[in-house]
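Listed below, chain by chain, are the residues.
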Amino acid sequence: MKRQGGFSLIETLVALLLFLFGVLLATQLLLETSRRLRDGYARDLESPVAPARARLRADLEAAAHGRCERDAEGVATAVRAYGHPTGTVVYQLEDGILWRYLEAEPAARARVIAGLTGFACADSGPLVGLELSGRRRALRRSPLVGAPGDLPAASEPWVETLWVAPRGGGRGSGW
């Protein structure tokens, strides 16, 4: 009897196992990619550090000069931007939240950034230095799913340092 052409049962099973192994690897990579995208998106939503930094820089550059305020222990609690075109702008830290308001209208304050664990300020000569610190959601660095013990911490510290030279009412006449 003549043998018919085709694949044997063992060859078909080996091919199926290789295909399933490839699908398993692709599934792991897709799951990790979606997890990293979700974490990155959530991190961008919960921590508006870049807009806060831009607002601080713009207000301090538009002012004629800036000064830091400290409490009795010498800890920085606020920074004031004097000579700003809209009036004196105050950035004040209260309970881990940095607030912005005009000195003439303290009731109309706006939240700049929440969740701060540290706030430092230095005014040396014409420069104003700020250092904001807090915690943000940590991004996973591994391309593959790991065991729960291998995953990084849920949050990581961040520090934002900013040195600004006030320019005199936003018109560049302060230098």
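Residue indices begin from 1 for each chain and proceed along its sequence in written order. Only residues with pLDDT of at least 70 get local features here, since the model is predicted, and only at 80 or more are side-chain atom pairs given and counted; chain-wide, interface and lining totals rely on the full set of residues. The basis for every side-chain value is the complete set of non-hydrogen atoms in the structure, without hydrogens or water.

A. How the structure looks around a nonpolar patch on the surface. A residue counts toward a patch only above 30% relative accessible area and without a salt bridge, and it is joined to like-charged neighbours within 9 Å or, for Val, Leu, Ile, Met, Phe, Trp and Tyr, to nonpolar neighbours within 5 Å. Residue burial considers only the protein chains on display, and all accessible areas are found by Shrake-Rupley using a 1.4 Å probe. One side-chain nitrogen of Lys or Arg within 4 Å of one carboxyl oxygen of Asp or Glu is enough to make a salt bridge. A grouping of Leu9, Leu13, Leu16, Leu17, Phe19, Leu20 and Val23 is seen on the molecular surface, where their side chains present a nonpolar patch of about 710 Å² in accessible area. The helix count covers DSSP runs of H or I at least four residues long, the strand count covers runs of E at least two residues long, and both are numbered beginning at the N terminus. Its location among the elements puts Phe19 in helix H1 (residues 9-46).

B. Representation of the pattern of salt bridges in the model. Here the structure, examined in full by the defined rule, presents 8 salt bridges. Linking Glu160 and Arg53 is a salt bridge whose minimum nitrogen-to-oxygen distance equals 2.7 Å. With a gap of 107 residues between them, Glu160 in strand E8 (residues 155-164) and Arg53 in helix H2 (residues 49-62) connect regions that are remote in the sequence. Classification of residues uses two cut-offs on accessible area relative to the type maximum, computed with a 1.4 Å probe and protein chains only: under 20% is buried, over 50% is exposed, and between them is partly exposed. By relative accessible area, Glu160 is classed as buried at 19%.

C. Structural view of the environment of Asp59. Tracing the backbone shows Asp59 in helix H2. Asp59 sits 105 residues away from Val164 along the chain, and the two C-alpha atoms are 9.8 Å apart. When neighbours within four sequence positions are excluded, Asp59 is seen to be in contact with Ala81, His84, Val89, Tyr91 and Arg100. Among the polar contacts listed, one links the side chain of Asp59 to the side chain of Arg100, at a separation of 2.7 Å. Throughout, a residue-residue contact means that at least one pair of heavy atoms, one from each residue, lies within 4.5 Å. Here a polar contact is recorded for every N or O atom pair within 3.5 Å, except that within protein the pair must consist of a potential hydrogen donor and a potential acceptor, and residues adjacent in sequence are included only if both atoms are side-chain atoms.

D. Seen up close, the state of the cysteines. Only a pair of cysteine sulfur atoms within 2.5 Å counts as a disulfide in this structure description. Tallying each qualifying case throughout the model produces 1 disulfide. The disulfide that involves Cys68 links it to Cys121, with 1.7 Å between the sulfurs. When the S-S torsion is -65°, as for the bridge of Cys68 with Cys121, the disulfide is left-handed. In this pair, Cys68 is assigned in strand E1 (residues 65-70) and Cys121 in strand E6 (residues 116-124), connecting sequence segments 53 residues apart. Take Cys68 and Cys121: they sit in the same class, and that class is buried.

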